[in-house]
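Listed here are the chains, written in short residue letters.
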Amino acid sequence: MSSKPQFSPLCDVHHATMRHVMLEEDSEDVRSCYACERRDCTRVFRDSNGYSDRIEGIFDDSRGFTQGCPRCGSALYLAAVNHSRKTETWECPQTGCDFSEDFPSPAAR
Ligand SMILES: [Zn+2]
Ligand SMILES: [Zn+2]
């Protein structure tokens, strides 16, 4: 199981683009995650856990949101937002899995 080298999740809170960041953890493994580009936003996306907040270097999974892939169980990421149809497209980041599904945007509910 490995993630696609290139995918571009959007922040699930306000649909801003996220940038790829490498986090130096205490352990030797370097974690890869995506952080919202808005300076006032603490939202991050990790392949393993989906969306959560990262405040002062600590992941806050209590505010997490994970939409699991029904095919492989990976955490889906928000790939696109259609403002006219008010739908969100969620896709699977796993190599070899091309699952994607449209959901109604929470703003439309
Ligand atoms: Zn954000
Ligand atoms: Zn999948």
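Residues numbered from 1 in each chain as written. Chains lettered and ligands numbered in written order. Predicted model: local features only at pLDDT ≥ 70, side-chain atom pairs only at ≥ 80, totals over all residues.

(A) Quick peek at the confidence of the model for the chain. Here the chain averages 88 in pLDDT, while 87% of its residues score no lower than 70. For the chain, per-element mean pLDDT is lowest for strand E2 (residues 30–36), which scores 83, and highest for strand E7 (residues 87–91), which scores 96. (pLDDT = per-residue confidence, 0-100. Helix = DSSP H or I, 4+ residues; strand = E, 2+ residues; numbered from the N terminus.)

(B) Up close: the sheet that holds strand E6 (residues 77–82). Pairing within the open sheet is antiparallel, and its 3 strands lie in the order E6-E7-E8. Single-partner strands in this sheet number two, and they are E6 and strand E8 (100–104). Ignoring which end each strand starts from, the neighbouring axes of this sheet average 30° apart. Of the strand pairs in this sheet, E7 and E8 are connected by 5 bridges, and their pairing is antiparallel. (Pairing = 2+ DSSP bridges. Axes fitted to C-alpha atoms, helices over the stretch in contact; angles between N-to-C directions.)

(C) Representation of the environment of Asp61 in the model. Counting through the fold element by element, Asp61 comes out in strand E5 (residues 58–65). Spatially, the C-alpha atoms of Asp61 and Gly50 are 9.6 Å apart, while their sequence positions differ by 11 residues. Beyond its immediate sequence surroundings of up to four residues, Asp61 is in contact with Asn49 and Ser52. (Contact = placed C-beta atoms within 7 Å.)

(D) Summary view of the environment of Glu37. On the secondary structure map, Glu37 appears in the loop between E2 and strand E3 (43–46). Judged by the 11 C-beta atoms lying within 10 Å of it, Glu37 falls in the exposed class. Contact partners of Glu37, with chain neighbours within four places excluded, come to Ala16, Thr17, Met18 and Arg19. (Buried ≥ 20, exposed ≤ 12 C-beta atoms within 10 Å, placed from the backbone.)

(E) Representation of the nonpolar core in the model. Of all hydrophobic cores here, the largest spans 14 residues; its most connected members are Met18, Phe45, Leu76 and Tyr77. Residue assignment for this core shows that the elements contributing at least two residues are E2, E3 and E6. (Core = buried A, V, L, I, M, F, W, Y, C linked by C-beta atoms within 7 Å.)

(F) Region of interest: unusual backbone geometry. One non-glycine residue, Glu56, adopts positive backbone phi at about 50°. Tracing the backbone through its elements, the reader meets Glu56 in the loop between strand E4 (50–55) and E5. In this structure, Lys86 takes a positive phi of about 55° despite not being glycine. Counting through the fold element by element, Lys86 comes out in the loop between E6 and E7.

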